[in-house]
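Each chain, letter by letter, is given below.
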Amino acid sequence: MRQTEKVLQLLQDQGVLRPHELKAYGISPIALYTLYRQGRVMRTGRGLYSLPDGNFTEHHSLAESCKRVPQGIVCLLSALCFHNIGTQNPFEVWLAIDRKARYPQVDYPPLRIMRFSGEARTTGVEVHLLEGVSVKVYDQAKTVVDCFKYRNKIGLDLCLEALTDGLRRRKFTVNQLIRYAKICRMENVMRPYVEAVLAVLFSH
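**Q** Go over the state of the cysteines, please, and point to the residues and values.
**A** Per the counting criterion, the structure on display carries zero disulfides. Sulfur of Cys 147: no disulfide; nearest cysteine sulfur belongs to Cys 159 and is 5.4 Å away. The exposure class assigned to Cys 147 is buried, which follows from its relative accessible area of 0%. Here Cys 184 is not cross-linked by a disulfide; its sulfur's nearest cysteine counterpart is in Cys 147, at 11 Å.

Below, the structure written as structure tokens:
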């Protein structure tokens, strides 16, 4: 199989490729650039290539972002949108990185970088395969707890919407919320809101 054919097969399997990743397969980046000049491959961002008729999904921006920032974890508004909690549809991709990590230099997609640390960064992470890319996302309960932790940045109304919608639709349990709230030191902050939401839900 010629190198250009190998590149096309990799793009078919993985969805998005970066030139430096070809070395692991014994392929020269020149093969990718050749396909690009021929119009058989398109550039979707700086250093990102995919097939023109790629099977893009609604989560394409998440796949691209995590391809560019492999250490990033989809969080907060983007995680709410991914889990279909509330009504958020942010134009930026919200990613959590380690507090000491180098700030990613990415021109596209637009990113909102948040600094997480310790167990609050490593707990509650799920891995989803989106367009051939392994994308790390905080689970539903952890995401809602994170929203309360960063309520000054995203607004308390949004936090309450996510909490209410998640509990009403049984996206998570109170016990799951409590577990993550303890880890993130949000237990005292969240307790009155959780109790108030439960009181409303059980009154119907």
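**Q** A description of unusual backbone geometry should follow, citing residues and the corresponding values.
**A** Not every positive phi belongs to a glycine, and Arg 170 is a case in point at roughly 55°. Along the chain, Arg 170 falls in the loop between α8 (156-168) and α9 (174-183). A positive phi angle, close to 60°, is found at Arg 185, a residue other than glycine.

**Q** Outline helix α2 (residues 29-37), supporting the account with residue identities and numerical values.
**A** When we look at burial in α2, the residues that qualify are Ala 31, Leu 32 and Leu 35. Along the axis of α2, the buried positions cluster into a sector of 100°, meaning they face one direction only. Seen from the buried face of α2, the exposed residues on the opposite side, beyond 90 degrees, are Ile 30 and Arg 37. Check the buried side of α2 and you find it contacts α1 (3-14) and β2 (48-50). Gly 39 sits one or two residues past α2 and shows a positive phi near 80°.

**Q** Go over the environment of Gly 124 with me, naming the residues and quoting the values.
**A** Structurally, Gly 124 can be placed in the loop between α5 (118-122) and β6 (125-130). Taking the C-alpha atoms as reference, Gly 124 lies 15 Å from Asp 98; in sequence the two are 26 residues apart. With near-sequence residues (within four places) excluded, Gly 124 lies in contact with Val 137, Tyr 138, Asp 139, Lys 142 and Tyr 180.

Parameters and conventions
Residues numbered from 1 in each chain as written. Predicted model: local features only at pLDDT ≥ 70, side-chain atom pairs only at ≥ 80, totals over all residues. Heavy atoms only, no water. Disulfide = S-S within 2.5 Å. Buried < 20%, exposed > 50% of the residue type's maximum accessible area, 1.4 Å probe, protein only. Helix = DSSP H or I, 4+ residues; strand = E, 2+ residues; numbered from the N terminus. Arc of directions from axis to C-beta. Contact = heavy atoms within 4.5 Å.

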